[in-house]
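Survey of secondary and tertiary structure
Here are the chains, one letter per residue:
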Amino acid sequence: MKLRPNRQWRWGIAALALLTGTSQAVDLRKRLDVSTNISEPVFGQIYFDYHLGHHFSALNHLLSAKQSGVFSIDDPTTEMLLGDLYTEFGLPREGDVAISRVQAQDIPSSTRNMPWVRYGKLLYQMGNDAPTENYLRKPAANLTSYQESERRLMLANILIRKKQYNEAINMLQDMPGEGVMANYGLYNLGIAYLQNNKPEPGLLRLNSLVDQAGQDEESQNLRDKASLAVAFHHLKAGNNQAARDSLLRVRLEGPYSNQSLLTLAYTHFMQKDYARTLPACLELQRRNPADPAVQESFLLSARVYEEMGFKAQATSGYRIASQVLREQLVMVEKNALRVDAENWPDILAPKLVNTEDLDPLNVKPIPATNDAITSGLFGKLFASPSFNEGFRQYQQLTRLSLLMEQRQRDIAGLKDIANTLELRKDGISALADRQQALKDNYVTLVKRWQDLQLRFKQMNTTADAYTDAASQAENARLQQLNRMGRKLQKMKSPALERDVQDAAQRLDRLKSVTLFEIARHAASRDEIFDKLQQTTTQLRESKSRLAVLDSLLSDNQQISKAAYSQRLPVLQDQIDKLQIRVAESRQEYRSYLRTLAKSLLQDRRDVLTNYLGETYLGMERAESKVAPAPKENTGK
C-alpha cells in the first residue's frame, strides 16, 4: 500500500510549518529590518481617528501617549496636532501654548498651517476682533491658496466692521481662491465698495457674483444675498425699478426670500402701486409668523387696503394682524419663561434619532429643532458667530458630562471586578503551577508527535513499522522466530550449511506471513495520516489555548500586584472634580447664552409691542374714515 504523493507533500509542509515557524519569523524580521519604534503605530492610530472625525478620541490618545512618554513635549508633529485639537474644542489658550512650543522648529508647512488657520477661525468666531486681527496679520509661511483666502476673508470682514474700507478692498482684490471661497471674496469686495461710497465697482462685483454663482446650495444662498444687497442699494438711491429687478432674482424658497418679498412689496407701496403690493404681502402671510418680515407683512397689507379706501378689508386686516402679533407676543413670553429654566439651551439642541456618534463631542453646527416658532424666534441668534460658538461648546460640555457619568458607572463595575480578582490572589500561584504542568505535557506530546511522524515516513520503505499494531500472541511468535533465526546462525557450519540455509528461508517465510497478518488487521496509511493531521490541529489549538491562558494568568498577576482597588478611588475623585468643573462651565455658558437670548427676546418684545400699537391706531384710523360718497348717476 503506497502513500499518495500529494498527501505526502501536504503532510511534509504541515510538519515544516509547525516545527520551524518561530525560526522563520526571527529570520524574516532580520532580513526585512522591521522597525520596532512603538511611537509609529501609536501615532498611526491617533491620525486615523483624527481623519475619521473622531477628534475627542484622538485628543485622549495623544494626551495619554505624551503622559506615558511615547512622545516628547517638544515633538513638532504631535504638538501641532495637539494645538489643532485644543482649538477644535474651544480651548484657544491651551492650543496657543502647544503651537508656540514648536512654532520656531523646522517642521513641514502643511503640519504647521492647519492648526494655525483653525486657531484664527476660533478667535474670529468668538468675536474677538482685536486679537483676531493681530493674529491674522502675521500669516504662517507657505499657506495654501484656500487657507490664504480664508485668512483674507476673516481679516477683511474685521476691517469692514472697523470702516477701514480701502485696506479691505486692497486685501480682497487679488485674493486667491476658486469656487464658493472666491464667491465670498467677490461678495465682500462688492459690499466694501458700496460702503466706501463707490457704487459702480461694488454693483459690478455683486452683479458678477449673481451671474456666475454655482448650482450648489451655498452658492445659491450667496447669490440671493448679493441680489438683496444690490436691491437695498437701489432702493436707498430711490431707483425702485432697478431694486425690483434685482429682487426678482432672489429664489422664492431661499433663506432670504421673506426679506426680499417684503422689500418688493415696499417698492410698489412707495410708488402707490397698491394692487402690486398685495401679492407679495399675501405670500408672506402664509409663512412662519415668527419671522419679523411675515409679521410686518400683515401690517403692510392692512395699510394697503386702507390706502385703497377698502374700509372693511382694512379693519379686518388690522384685526388679523393684531391677533397674529398677540399670539407671537405670547410665544415670546413663553420662550422667555423657558429661557429662565435651568437647562433651557437643551431645547435648541439637536436630537439624535436612530444614530450614535462614535465621537461624543461631535455636534451638529445647526440645531435640529422641529418647532417652527422656536427656530424662527432664535434664528437671528444662530446667525451670530459668538452665540453659535458658545452654543456648540455648551453642547460639548453637556455630552462630556454624560460621558463622565458613564465613566463613573464603569469605575463602579471595575471596583467590583478588582475586588473579586484580588480575592483570588492566593490561588494564582497554584494556577501558575498547573499552567506550567500543562505546558510540560504539551512539550512531551509534541516530542511524541515527532516520533510518530518519523515512524510514519518509514512505513513507505519497510513493513516492520506495523509491529506496534501486533497482538501479544503475534509479538510472541515474532520473538520466537527471531530466536530460532539466531540459533540457526550459531549452528552454521560447512557440513550443515545447506540445511541451515533451507531452515532460514522457511523462517523468513513464516516471519513474512506473520507480518502480513499483522499488517492486514492494522490501520491503513491513509487512516494513520488522517489521525496525524487531526493530532496536528489539536496540538495547534492546544498551543493557542495555552497562549491565551498565559495571557490571562499574566493579566491576573499584574492586576493582583497593581492593587487597582486602591487606585480606582483616586480616579473616582478626579472624575468627581472634573464633573464639578464641567458643571460650572456649563452654568457659565448657560448664563452667557441666556443673556444673549433675553436681549433678543426683549428686542422682539419691543418690536411686537410697537406693531400692536400700530394695528390699534390703524383700526381706529380705518374705522373713523368716512367712506367716499358714490357718484350720482345722471343718466347720461
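Residues numbered from 1 in each chain as written. Predicted model: local features only at pLDDT ≥ 70, side-chain atom pairs only at ≥ 80, totals over all residues. Heavy atoms only, no water.

**Description of the overall build of the protein chain**
Secondary structure summary: the protein chain contains 24 helices and 0 strands in total. Taking all 636 residues of the protein chain together, 39% fall into the buried category. Sequence-distant contacts in the protein chain: of pairs separated by 6 or more residues, those separated by 24 or more amount to 69%. Accessible surface, the protein chain as shown: approximately 37600 Å² in total, 53% of it carbon and sulfur. (Helix = DSSP H or I, 4+ residues; strand = E, 2+ residues; numbered from the N terminus. Buried < 20%, exposed > 50% of the residue type's maximum accessible area, 1.4 Å probe, protein only. Contact = heavy atoms within 4.5 Å. Areas by Shrake-Rupley, 256 points an atom, 1.4 Å probe, with all protein chains shown as cover.)

**Thoughts on the packing of helix H3 (residues 55-67) against helix H4 (residues 76-88)**
At a closest axis distance of 10 Å, the pairing of H3 and H4 adopts a crossing angle of 135 degrees. As judged from the angle between their axes, H3 and H4 are oblique. Of the two possible hands of crossing, H3 and H4 adopt the one that is left-handed. In contact with His-55, Ala-58, Leu-59, Leu-62, Leu-63 and Lys-66 of H3, H4 contributes Thr-78, Glu-79, Leu-81, Leu-82, Leu-85, Tyr-86 and Glu-88. (Axes fitted to C-alpha atoms, helices over the stretch in contact; angles between N-to-C directions. Parallel < 35°, antiparallel > 145°, perpendicular 65-115°, else oblique. Left-handed = near helix turned anticlockwise from the far one by under 90°.)

**A few points about the pattern of salt bridges**
For the coordinates displayed, the defined rule picks out 22 salt bridges. The closest approach of N and O atoms between Glu-79 and Lys-66, which form a salt bridge, is 2.8 Å. Placement of the pair is Glu-79 in helix H4 and Lys-66 in helix H3, with a sequence separation of 13 residues. Glu-150 serves as the salt-bridge partner of Lys-121, at 2.6 Å between the closest nitrogen and oxygen. A residue pair is termed long-range when its members are at least 10 positions apart, and Lys-121 in helix H6 (residues 109-125) and Glu-150 in helix H8 (residues 145-161) qualify at 29 residues. A relative accessible area of 30% places Lys-121 in the partly exposed class. In this structure Glu-150 comes out as buried when scored by relative accessible area, which is 11%. One salt-bridge network, held together by shared partners, links Glu-133, Arg-137, Lys-162 and Glu-167. (Salt bridge = Lys/Arg side-chain N within 4 Å of Asp/Glu carboxyl O.)

**Focus: the side chain of Arg-223**
Inspection of the secondary structure puts Arg-223 in helix H12 (residues 217-236). One buried charge, Arg-223, has no salt-bridge partner; the nearest side chain with opposite charge is Asp-224, at 4.0 Å. A polar contact of 3.0 Å, which involves the side chain of Arg-223, links it to the backbone oxygen of Arg-249. With near-sequence residues (within four places) excluded, Arg-223 lies in contact with Val-210, Ala-213 and Arg-249. (Lys, Arg positive; Asp, Glu negative; His and termini not counted. Polar contact = N/O pair within 3.5 Å; in protein donor to acceptor, adjacent residues only side chain to side chain.)

**So, the environment of Thr-263**
Position of Thr-263 among the secondary structure elements: in helix H14 (residues 257-270). As for Thr-263 and Leu-228, which are separated by 35 residues in sequence, their C-alpha atoms are 8.9 Å apart.

**Description of the packing of aromatic side chains**
A full pass over the atoms with the stated rule returns 7 aromatic pairs. On the basis of an interplanar angle of 15 degrees and a centroid distance of 6.1 Å, the ring pair of Tyr-47 and Tyr-50 is categorised as stacked. Of this pair, Tyr-47 and Tyr-50 both sit in helix H2 (residues 39-51), separated by 3 residues, roughly a single helical turn. Clustering of aromatic rings is evident, with ring pairs tying together Phe-43, Tyr-47, Tyr-50 and Phe-71. (Phe/Tyr/Trp six-rings, centres within 6.5 Å; stacked < 30°, edge-to-face > 60°.)

**Thoughts on H4**
Side chains of residues three or four places apart in an α-helix project in the same direction, reflecting 3.6 residues per turn. In this model, H4 (13 residues) spans 18 Å end to end at C-alpha, consistent with the 18 Å of a helix rising 1.5 Å per residue. With 12 of its 13 residues buried, H4 lies for the most part within the structure. Downstream of H4 by one or two residues, Gly-90 has phi in the positive range, about 70 degrees. (Expected span 1.5 Å × (residues − 1).)

**A word on the layout of surface pockets**
Taken as a whole, the second largest pocket holds about 1800 Å³ of empty space. Taken together, 40 residues line the second largest pocket, and the ones lying closest to its centre are Phe-56, Leu-91, Leu-400, Leu-578 and Val-582. Elements supplying a minimum of two residues to the lining of the second largest pocket: H3, helix H5 (92-102), helix H19 (385-423) and helix H24 (564-624). A per-element tally of the lining of the second largest pocket places H19 first, with 12 residues. (1 Å grid on protein atoms, 1.4 Å probe; cavity = no way out; pocket = protein on both sides within 12 Å on 5 of 7 lines; lining within 4 Å. Points joined across faces, edges and corners; volume = space filled by probe spheres on them.)

**Digging into the nonpolar core**
Side chains that are nonpolar tend, in soluble globular proteins, to be buried together. In this structure, Trp-116, Tyr-135, Leu-136 and Leu-172 are the most contacted members of the largest nonpolar core, which totals 26 residues. Among the elements that line this core, the one with the most residues is H8, at 7 residues. Setting aside anything within four residues of it in sequence, one finds Tyr-135 in contact with Trp-116, Tyr-119, Gly-120 and Leu-123. Counting residues in each nonpolar core, the second largest holds 22 residues, with Leu-262, Leu-278, Ala-293 and Leu-300 among its members. (Core = buried A, V, L, I, M, F, W, Y, C linked by side-chain atoms within 4.5 Å.)

**Some remarks on unusual backbone geometry**
The phi angle of most residues is negative, glycine excepted, and most peptide bonds adopt the trans form. A positive phi is found at Lys-163, a non-glycine position, where the angle reads about 65 degrees. Here Lys-163 lies in the loop between H8 and helix H9 (165-173). Phi at Asn-197 is positive, roughly 60 degrees, even though this residue is not glycine. Tracing the backbone through its elements, the reader meets Asn-197 in the loop between helix H10 (180-195) and helix H11 (199-212). With a relative accessible area of 69%, Asn-197 lands in the exposed category.

**What about the packing of H12 against H14?**
For the pair H12 and H14, the least separation of the axes is 11 Å and the interaxial angle reads 20 degrees. One element, H12, and the other, H14, form an angle in the roughly parallel class. Considering only the axes of H12 and H14, their crossing is left-handed. Residues Leu-228, Phe-232 and Leu-235 of H12 lie in contact with H14, whose contacting residues are Gln-259, Ser-260, Thr-263, Thr-267 and Met-270.

**Topic: the confidence of the model for the protein chain**
Counting all residues, the mean pLDDT for the protein chain is 78, and 81% of those residues have values of 70 or more. Low pLDDT (under 50) marks residues 1-26, which in the prediction has 34 contacts with non-local residues, meaning those over four places away or in another chain. (pLDDT = per-residue confidence, 0-100.)

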